[in-house]
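# Secondary and tertiary structure notes
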Amino acid sequence: MKLLSIIIVNYNNPELLAACLKSIYQHLAGIKKEIIVVDNNSTLQNLPKHQERYPDLKVIYSKVNKGFGCANNLGVKNATGDILLLLNSDTEFIDNSFEVMLESFCALPYKEIWGPRLIWPDGKFQLSYSKEISFIDFLTNYTSLYPFMKILHLAKGHKYKYEEFVSQTEVGVIYGTAMLMNKCVYEKLCGFSQKYFMYFEDVDLCDRFRKELGGRIKFDPTTTLIHRVKGSSEGFYMNLKYTTRSKYIYSISKFGYLATIVILPIDFIFWAITSLLRKAKS
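As a starting point, this report considers the structure included with it. (Residues numbered from 1 in each chain as written. Predicted model: local features only at pLDDT ≥ 70, side-chain atom pairs only at ≥ 80, totals over all residues. Heavy atoms only, no water.)

Helices and strands together make up the secondary structure of the protein, namely ten helices and twelve strands. A compact globule built from 282 residues should have a C-alpha radius of gyration of about 19 Å, and the protein, at 19 Å, falls within 12% of that. Oriented by its inertia axes, the alpha-carbon framework of the protein measures out at about 60 × 40 × 35 Å. Out of the 282 residues belonging to the protein, those deemed buried represent 52%. For the protein, the share of sequence-separated contacts (at least 6 apart) that also reach a separation of at least 24 residues comes to 77%. Surface exposure of the protein reaches about 14,000 Å², of which carbon and sulfur atoms provide 59%. (Helix = DSSP H or I, 4+ residues; strand = E, 2+ residues; numbered from the N terminus. Rg over C-alpha atoms; globule rule 2.2 N^0.38 Å. Buried < 20%, exposed > 50% of the residue type's maximum accessible area, 1.4 Å probe, protein only. Contact = heavy atoms within 4.5 Å. Areas by Shrake-Rupley, 256 points an atom, 1.4 Å probe, with all protein chains shown as cover.)

Attention shifts here to the side chain of His27. By secondary structure assignment, the location of His27 is in helix 1 (residues 14–27). Reaching out from His27, the side chain makes a polar contact with the side chain of Asn96 at a distance of 3.1 Å. When near neighbours in sequence (up to four residues on either side) are disregarded, His27 contacts Phe93, Ile94, Asp95 and Asn96. (Polar contact = N/O pair within 3.5 Å; in protein donor to acceptor, adjacent residues only side chain to side chain.)

With that settled, consider unusual backbone geometry. The backbone of Cys190 shows a phi angle near 60°, a positive value even though the residue is not glycine. Within the secondary structure layout, Cys190 lies in the loop between helix 7 (183–188) and helix 8 (201–213). Judged by its relative accessible area of 65%, Cys190 falls in the exposed class.

In this model, helix 8 (13 residues) spans 17 Å end to end at C-alpha, consistent with the 18 Å of a helix rising 1.5 Å per residue. Of all 13 residues in helix 8, eleven are buried, a share of seventy percent or more. For helix 8, every residue scored as buried is listed here: Glu201, Asp202, Val203, Asp204, Leu205, Cys206, Asp207, Arg208, Phe209, Arg210 and Leu213. Positive backbone phi, approximately 65°, marks Gly214, located one or two places after helix 8. (Expected span 1.5 Å × (residues − 1).)

We now examine the nonpolar core. A general tendency of soluble globular proteins is for nonpolar side chains to be buried together. Core analysis: the largest hydrophobic core is formed by 43 residues, its most contacted members being Leu86, Tyr129, Val171, Met179 and Met181. Looking at which element gives the most residues to this core, the answer is helix 8, with five residues. With near-sequence residues (within four places) excluded, Leu86 lies in contact with Ile7, Asn72, Val76, Gly176, Thr177, Ala178, Met179, Met181, Tyr186 and Phe192. In terms of nonpolar packing, the next biggest core, distinct from the first, is built from 29 residues, Leu4, Cys20, Met101 and Ala178 among them. (Core = buried A, V, L, I, M, F, W, Y, C linked by side-chain atoms within 4.5 Å.)

It is worth spelling out the environment of Val38 at this point. Inspection of the secondary structure assignment puts Val38 in strand 2 (residues 33–39). Note on Val38: relative accessible area 0%, which makes it buried. Measuring from C-alpha to C-alpha, the distance between Val38 and Ile7 comes to 7.5 Å, with 31 residues separating the pair along the chain. Among residues more than four places away in sequence, those in contact with Val38 are Ile8, Val9, Asn10, Ile60, Ala71, Leu74 and Gly75.

Attention now moves to the side chain of Ser42. Counting through the fold element by element, Ser42 comes out in the loop between strand 2 and helix 2 (47–53). When its relative accessible area of 13% is taken as the criterion, Ser42 is described as buried. Of note is the side chain of Ser42, whose polar atom sits 2.7 Å from the side chain of Asp39. Beyond its immediate sequence surroundings of up to four residues, Ser42 is in contact with Asn10, Tyr11 and Asn12.

This part is about the pattern of salt bridges. Inspection of the entire model under this criterion finds eleven salt bridges. Between Glu34 and Lys58 there is a salt bridge; the shortest N-O distance is 2.5 Å. Highlighted residues: Glu34 in strand 2 and Lys58 in strand 3 (residues 58–61), separated in sequence by 24 residues. Here Lys58 falls in the partly exposed class, since its relative accessible area comes to 34%. Here Glu170 ties to Arg216 by a salt bridge, and the two come within 3.0 Å at their closest N and O atoms. Of this pair, Glu170 sits in strand 9 (residues 169–171) while Arg216 sits in strand 12 (residues 216–227), and the two are 46 residues apart along the sequence. Each of Glu132, Asp207, Arg210 and Lys254 takes part in a single network of salt bridges with overlapping partners. (Salt bridge = Lys/Arg side-chain N within 4 Å of Asp/Glu carboxyl O.)

In this section: helix 4 (residues 98–106). Within an α-helix, residues lying three or four positions from one another point in the same direction, as the helix has 3.6 residues per turn. Every buried residue of helix 4 is listed here: Phe98, Met101, Leu102 and Phe105. Considered in projection along helix 4, the buried side chains sweep an arc of 100° and stay on one side of the axis. Where helix 4 is buried, its residues touch strand 1 (4–10), strand 4 (83–88), strand 5 (91–93), strand 6 (112–119), strand 11 (178–182) and strand 12. (Arc of directions from axis to C-beta.)

Next up, the structure:
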């Protein structure tokens, strides 16, 4: 079997990373692999202890936190495997089924990206895929229109109405929580776009993969991972900042400047009304 390079980006998640690494060494023991942790200038980390426990663990220390995508790019640059698994530090394997998934993936042409099934810590299904995002999808789900669209049941259409597929299914987007692909594909796409600090870089990569390489993206439920959704974030307001910035970058890249000009007034009017209501209450 080809060498698998597992890339994990870490930022102030010592306990989650410890659980993630433990699950990898426990459930992927039969897989030929290298594990690369890219630390994004964490102030909280215990990586030397992990290296003592796992001598083959490779750690790359980035002196500057340039975001999720850039950190993955750095990890891939130092990877020697032919197959990549880009993995969040807040995930955990729960059994040995990934070996079966990997064997199936390696037997196929290289122009595919796969994502495994995700569950919440309580065992409930967690969506990890969507259709390609159209402009209408973007307008109704990623602008200030979303609360109203949700009330009218007009939102989330691109997310397959949260349907859980029970067999391998071709989709438009696999989320960056766990992405399995050939290294040559990642390199041909020049990795994640450095325009994004965090959020939307996975959607952008999937778009470019389909458009530039004619690739296919698949959800494969052979393997299930726990995803705790407590990743490398810095609180609500920082997440809002990154989400807002990234969504406009994605909108310009995907739909163009004219379409984005339509979106900006919608958000601005909503923010202005919200601010006035808050002041009135205070």
